[in-house]
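# Understanding the architecture of this molecule
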Amino acid sequence: WPALLLAVAGVVAAKAIVTFLLLRVAQVRRGIAAETGLLMGSPSETTLIVLATAAQAQLILPSTAAFWQTVTAIGLTITPLLAQAGRVVSRRIEARGGPDDDEGTTDEPRTVIIGFGRVGRMVADMLAVHNQPYVAVEADIDAVTEAKAAGYPVMFGDIARAELVDRLNLGDARALILTMDEPVLTVRLTRRVRAVAPDLPIIARARDPRHAAELYRAGVTDAVPETLESSLQLSEAVLVDLGVAMGPVIASIHEKRDELRQNIRREADMERDPRINRP
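The structure contained in this document is the topic of the report that follows. (Residues numbered from 1 in each chain as written. Predicted model: local features only at pLDDT ≥ 70, side-chain atom pairs only at ≥ 80, totals over all residues. Heavy atoms only, no water.)

## Details of the packing of helix H1 (residues 2-25) against helix H2 (residues 30-39)
Here is the rule we go by: Lines fitted to C-alpha atoms define the axes here, with helix axes fitted over just the stretch in contact, and angles between the N-to-C directions of these axes take values from 0 to 180 degrees. For the purposes of this entry, the term helix denotes a DSSP run of H or I that reaches at least four residues, the term strand denotes a run of E that reaches at least two, and both are numbered from the N terminus. Note that the term roughly parallel is reserved for angles under 35 degrees, roughly antiparallel for angles over 145, roughly perpendicular for angles of 65 to 115, and oblique for everything else. Helix crossings are classified by the rotation of the near helix relative to the far one: an anticlockwise turn of less than a right angle makes the crossing left-handed, while a clockwise turn makes it right-handed. The contact criterion used is simple: two residues touch if any of their non-hydrogen atoms lie within 4.5 Å. Each residue is assigned to one class: nonpolar for Ala, Val, Leu, Ile, Met, Phe, Trp, Tyr, Cys and Pro, charged for Asp, Glu, Lys and Arg, and polar for all the others, Gly among them.
In contact at an axis separation of 8 Å, H1 and H2 are set at 150 degrees when each is read in the N-to-C sense. The angle between H1 and H2 places the two elements in the roughly antiparallel class. The handedness of the crossing between H1 and H2 comes out as right-handed. Contacts between H1 and H2 pair Ala16, Thr19, Phe20, Leu23 and Arg24 from the former with Arg30, Ala33, Ala34, Thr36, Gly37 and Leu38 from the latter. Class assignment of the residues belonging to the contact of H1 with H2 gives a composition of 6 nonpolar, 3 polar and 2 charged.

In structure tokens, the structure reads:
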């Protein structure tokens with residue numbers, strides 16, 4: 001047993017350290033690199049195949065193959081424990097080291113954009129056009145690298161982690177914009193932020209009117225359903241192509257958008273208070 005446990009520890013340590021260093025060379029954050037290193041530290045199933053083949057070809061002794069097969073089996077069984085340890089280590093590193101990016105540490109009140117995909121980038125572009133300061137948060141390291149190379153103030157972080165929400169200091173933000181395509185996380189984050197920042201404007205991307213109503217109940221200031229917006233844009237293009245004057249078209253689109261938004265708000269209020277009568 002001492003030899004087996006020492007071998008397991010050696011394999012896990014070697015793989016974890018190598019993985020951590022490779023990820024750091026690739027400019028991955030320390031917390032993520034440590035968590036991934038520990039998760040990848042256990043030996044793989046392929047090791048069992050290689051050992052069996054080597055023993056069959058008489059490249060190693062059967063006793064040697066049996067020893068390392070046992071080490072591999074033990075290593076595979078502790079993978080969930082390594083994953084849990086990785087999360088704990090990652091959180092401690094993040095809490096101690098703070099954000100690697102300067103964008104999230106300034107005291108200047110800014111709009112915070114959560115999610116920097118196609119929707120988040122479009123919002124950022126429009127804020128920049130009107131000289132409105134902002135910072136974006138994105139959990140995809142490749143997207144962060146690409147955005148920072150293009151000059152966008154984006155910081156890497158997983159908004160599902162409570163410590164990141166605290167570091168963003170949303171109580172002093174000018175507005176919070178949620179663009180993630182994750183309905184459950186969006187609602188949960190809205191509730192949490194609204195509890196600590198009751199006056200903060202929260203504008204959220206919604207998947208459909210039902211999701212928008214749920215977001216209103218959670219406390220968003222405005223919810224924008226993708227399905228309705230695409231329908232309104234299509235209607236605008238059709239009317240203009242049919243020769244209707246641009247002014248009346250834009251006015252009618254705005255009127256229709258307000259009507260739909262009021263209907264969604266009314267549905268949300270009815271879910272919150274059934275005594276409210278339908279129109």
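Alright, that's what it looks like, and here's the rest.
## Description of unusual backbone geometry
Residue Asn131 is not a glycine yet carries a positive backbone phi of 55 degrees. One non-glycine residue, Asn169, adopts positive backbone phi at about 50 degrees. Mapped onto the elements, Asn169 comes out in the loop between helix H8 (162-167) and strand E4 (175-178).

## A short note on the side chain of Thr186
Definition in use: Distance and chemistry together define a polar contact, namely a pair of N or O atoms within 3.5 Å, with one atom able to donate a hydrogen and the other to accept it when in protein, and with adjacent residues in sequence counting only for side-chain atoms on both sides.
Tracing the sequence through the fold places Thr186 in helix H9 (residues 183-196). Engagement of the side chain of Thr186 in a polar contact is seen with the backbone oxygen of Glu182, the distance being 2.8 Å. Sequence-distant contacts of Thr186, defined by excluding residues within four places in its chain, comprise Leu178, Met180, Ala204, His211 and Leu215.

## Observations regarding the sheet that holds E4
Here is the rule we go by: One requirement defines pairing of two strands: DSSP has to find at least two bridges between them.
The sheet built from 6 strands is open, its strands ordered E3-E2-E1-E4-E5-E6 with parallel pairing. At either end of the open sheet lies a strand with only one pairing partner, and these are strand E3 (154-156) and strand E6 (222-225). On average, adjacent strands in this sheet sit at an angle of 20 degrees to one another, irrespective of strand direction. Relative to E6, strand E5 (residues 202-206) runs parallel, the two being bridged by 4 bridges. Bridging across to E6, Ile203 finds its partner in Asp222. Relative to E3, helix H7 (residues 141-149) is tilted by about 155 degrees, and along the sheet it contacts strand E2 (134-138) and E3.

## Section: the pattern of salt bridges
Defined as follows: Each reported salt bridge corresponds to a side-chain nitrogen of Lys or Arg within 4 Å of a carboxyl oxygen of Asp or Glu. Working definition: with a 1.4 Å probe on protein chains only, accessible area under 20% of the residue-type maximum means buried, over 50% means exposed, and in between means partly exposed.
The full count for this structure, using the stated rule, is 7 salt bridges. Across the salt bridge formed by Asp181 and Arg207, the nearest N and O atoms sit 2.9 Å from each other. One end of the pair, Asp181, is in the loop between E4 and H9; the other, Arg207, is in the loop between E5 and helix H10 (209-218), with 26 residues separating them in the sequence. On the accessibility criterion, Arg207 (40% relative accessible area) is partly exposed. For Lys256, the salt bridge identified is with Glu259, shortest N-O distance 3.7 Å. Residue Lys256 and its partner Glu259 are both found in helix H12 (residues 246-272); the two are separated by 3 residues, about one turn of the helix.

## Side note on the pairing of strand E1 (residues 111-114)
The condition that has to hold: With its strands directed away from the observer, a crossover is right-handed exactly when the path from the first strand over the helix to the second travels clockwise.
Because side chains alternate across E1, one face comprises the buried residues Thr111 and Ile113, and the other comprises Val112 and Ile114, equally buried. Bridge count for E1 against E2 is 4 bridges, and the pairing is parallel. In the strand pairing of E2, Ile114 is matched with Val137. In this view, the connection linking E1 to its parallel neighbour E2 by way of helix H6 (residues 118-129) has right-handed handedness.

## Considerations on the nonpolar core
How we decide: Throughout, nonpolar core names a set of buried Ala, Val, Leu, Ile, Met, Phe, Trp, Tyr and Cys residues whose side chains join them through atoms within 4.5 Å.
With 32 residues, the main nonpolar core has Ile114, Leu168, Leu170, Leu176 and Val193 as its most contacted residues. Beyond its immediate chain neighbours, meaning those up to four positions away, Leu176 contacts Val112, Ile114, Leu170, Val193, Leu200, Pro201, Ile202 and Ile203. Ile113, Phe116, Val154 and Ile177 belong to the second-largest nonpolar core, a separate cluster that totals 12 residues.

## Structural notes on empty space enclosed by the protein
This is how the line gets drawn: Grid points spaced at 1 Å and placed over the protein atoms alone form the basis of the search, with a cavity being a set where a 1.4 Å probe fits but cannot get out and a pocket an open set showing protein on both sides within 12 Å along at least five of seven lines. Lining residues have an atom within 4 Å of a point. Grid points are joined across faces, edges and corners, and a volume is the space filled by probe spheres set on the points.
All chains considered together, the criterion is met by 3 cavities of 30 Å³ or more. Space inside the largest cavity adds up to approximately 80 Å³. Together, Ala223, Val224, Pro225, Leu228, Glu229, Leu232, Arg257, Leu260, Arg261 and Ile264 line the largest cavity. For the lining of the largest cavity, the secondary structure elements donating two or more residues are E6, helix H11 (226-241) and H12. With 4 residues, the single largest contributor to the lining of the largest cavity is H12. Partitioned by chemical class, the residues of the lining of the largest cavity number 7 nonpolar, no polar and 3 charged.

## Describing the packing of aromatic side chains
One pair of aromatic rings is described through two measures. These are the centre distance and the angle between the planes. Inclusion rule: Here a Phe, Tyr or Trp ring, Trp counted by its six-membered ring, pairs with any other such ring whose centre lies within 6.5 Å, and the pair is stacked when the planes are under 30 degrees apart, edge-to-face when over 60, and tilted otherwise.
As enumerated under the stated definition, the model contains 2 aromatic pairs in all. Between Phe67 and Trp68, the aromatic rings sit 5.3 Å apart at their centres with planes inclined by 90 degrees, giving edge-to-face as the arrangement. Judged by relative accessible area, which is 27%, Phe67 ranks as partly exposed. The exposure class of Trp68 is partly exposed, given its relative accessible area of 35%. Judged by centre distance (5.1 Å) and plane angle (65 degrees), the ring pair of Phe116 and Tyr152 falls under edge-to-face. Of this pair, Phe116 sits in the loop between E1 and H6 while Tyr152 sits in the loop between H7 and E3, placing them 36 residues apart in sequence.

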